[in-house]
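# Summary of the model geometry
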Amino acid sequence: MGITENNIRQDGPSRGVKIIVFFLLLLIISGTAAVAYLKSQDVDLKSVSIKDLIDKGFINRNTRYELVSTEFEYDANINTVFDTHKGYIVKCSRDNLIYIDSNGNEQWTYPLSLKNPVLKTAGSYLLVADYGAKSILTFSGKEMRWEKELDNNIINADINAKGYVAVVHEEERSRGAVSVYNRQGMNCFTIGKAENFILSSKVSISAKSVFINSVDTSGISTNTILEFADLNGNILNNKIEKEDTVFPSLWFMDNDSLLVVGDSMFMILDKDFKEKFQQTVKGKIFSSCIVDGKYAVIAANPEETTGIFESGSSGIWVYNSNGEKISEYNLKGEVKNITSWEDVIAVNSGNKLRIIDLDGDLLAEYSSKEDIKEVFFINRREVLVICKDKFLVLKMK
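Predicted model, so just to flag it, every value in this text is computed and none were measured.

Another point: a nonpolar patch on the surface. On the surface, Ile-20, Leu-24 and Leu-27 cluster together into a nonpolar patch covering about 320 Å² of accessible area. Topologically, Leu-24 is positioned in helix 2 (residues 15-40). For Leu-24, a relative accessible area of 49% gives the class partly exposed.

This part is about the pattern of salt bridges. Taken as a whole and assessed by the stated rule, the structure comprises 16 salt bridges. Of the charged contacts, one joins Arg-145 and Glu-143 as a salt bridge, the two residues approaching to 3.9 Å between their closest N and O atoms. Using a relative accessible area of 32% as the deciding quantity, one classes Arg-145 as partly exposed. We classify Glu-143 as partly exposed; its relative accessible area is 46%. With a closest N to O distance of 3.0 Å, Arg-380 and Asp-343 form a salt bridge. You can see Arg-380 sitting in the loop between strand 30 (374-379) and strand 31 (382-386) and its partner Asp-343 sitting in the loop between strand 26 (337-341) and strand 27 (344-348), a full 37 residues away along the chain.

Judged by pairing direction, the sheet is antiparallel, and its 4 strands sit side by side in the order 6-7-8-9 without closing on themselves. The open sheet has two edge strands, strand 6 (117-122) and strand 9 (143-149), and neither has a second partner. Averaged over all neighbouring strand pairs, the angle between strand axes comes to 15 degrees, with direction disregarded. Relative to strand 8 (residues 135-140), strand 7 (residues 125-130) runs antiparallel, the two being bridged by 4 bridges. By the bridge assignment for strand 8, Leu-126 is matched with Phe-139.

Time to look at the confidence of the model for the protein. Here the protein averages 88 in pLDDT, and 84% of its residues register 70 or above. Note on residues 1-10: pLDDT under 50 across the span, and 3 contacts to partners over four residues away in sequence or across chains. Counted against residues more than four places away or in other chains, residues 40-44, with its pLDDT under 50, gives 7 contacts.

Leu-353, Ile-355, Val-383, Val-385 and Leu-394 are the most contacted members of the largest nonpolar core, which totals 18 residues. Elements represented by at least two residues in this core include exactly strand 27, strand 28 (352-357), strand 29 (362-367), strand 30, strand 31 and strand 32 (390-396). Contact partners of Leu-394, with chain neighbours within four places excluded, come to Leu-67, Val-68, Ser-69, Leu-353, Tyr-366, Arg-381, Glu-382, Val-383 and Val-385. Phe-286, Ile-316, Val-335 and Ile-356 belong to the second largest nonpolar core, which has 16 residues in total.

Rules and cut-offs
- In this numbering scheme, every chain counts its residues from 1 along its sequence in written order.
- Per-residue local features of the predicted model are confined to residues with pLDDT of at least 70, and side-chain atom pairs are confined, for both listing and counting, to 80 or more; whole-chain, interface and lining totals are unaffected and use all residues.
- As a rule here, side-chain values come from all non-hydrogen atoms in the structure, and water together with hydrogens is ignored.
- Patch definition: residues above 30% relative accessible area lacking any salt bridge, with like charges linked at up to 9 Å and the nonpolar side chains Val, Leu, Ile, Met, Phe, Trp and Tyr linked at up to 5 Å.
- Here the accessible surface of atoms and residues is derived via Shrake-Rupley with a 1.4 Å probe, and residues count as covered only by protein chains that are part of the display.
- Take a side-chain nitrogen of Lys or Arg and a carboxyl oxygen of Asp or Glu: if they are within 4 Å of each other, that pair is a salt bridge.
- By the criteria applied, helices consist of DSSP H or I runs no shorter than four residues and strands consist of E runs no shorter than two, each listed in order from the N terminus.
- Partly exposed residues are those whose accessible area sits between 20% and 50% of the maximum for their type, while under 20% is buried and over 50% is exposed, using a 1.4 Å probe and protein chains only.
- DSSP bridges decide pairing: two strands pair if at least two such bridges lie between them.
- With axes taken as lines fitted to C-alpha atoms, and helix axes fitted only over the stretch in contact, angles between N-to-C directions fall between 0 and 180 degrees.
- For every residue, the predictor states its confidence as a pLDDT score lying anywhere from 0 to 100.
- Should any heavy atoms of two residues lie within 4.5 Å, those residues are considered in contact.
- What is meant by a nonpolar core is a set of buried Ala, Val, Leu, Ile, Met, Phe, Trp, Tyr and Cys residues, joined one to another through side-chain atoms within 4.5 Å.

Next up, the structure:
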């Protein structure tokens, strides 16, 4: 019996089927490799979208953006502060709290009666505190969660991503006190200090501990004392004291490690507040922040300036929680302040704004004719820039 062409086609798969199977196997292998890579980068695959992956640069694309600006005026004669919250620009004065979209349209207003409002944001929470007075309010989006009138004037306040609030305030028969409130506004504890001046306090990301940052001015030098408490107000046995040093900035990471920043030194403490890393700079530390919840970012002049007209250079240094430097970005002149959104960093040098990523690569830059006071991310692609009498929305295209 002879073998015909039809018999051959029936004996095995066609060439077209083999090609399809090949490409399916190739897609499976590529997909498996991509998942393994994303997991190695600590990406939450359950919550991330394809758009997020593209935006974060995990999929190859041109990552150098153009910044398109839109300007909006505000009355600089009125005490006005800004921040961003849940995709809104937040504008706060003594009389009201206003949410504005990135096109400049007012979306929501809440009436206030304050003297010196200050805004703090974390996660899905917004804190409004009246420094030098007694009022405090917390919001989540357009919902006012709770408000309180303290017995004594507020010195400093902060809120964490779980809605826990730490307030530094005046207190009778002491030099200051810290009160901590949970997300419902219930008081967890109040601790007063009879001898030290309390500068700041903050609740950890896990809401399991609190730091109390105070200074002792009783001697010749000014010494900083860092104490730690649990949410019941029990002081833990791991106090840190540093001579001739003040820490104006302290930041919790997602794993409850703590970045502690002075004007010429910084250190990283683990979740048990034991020192893991410390570094001193010869020049000056300008600003600091946490990026992606797990990296410490320091903006500093690494060397002392050499002349009266010499501003030197600045470095943006990124460290992991173990104190290992993972990237660096250098620029001429001084840095005014820095801030972050997920894995990108905004660097404000006064007349120029630069957006860089975790690898220290420049994503975008914007030159301003006016001095830039503050910068906030609205989202990963939109930035709020505050000048003397106007604010700008910069969109990365």
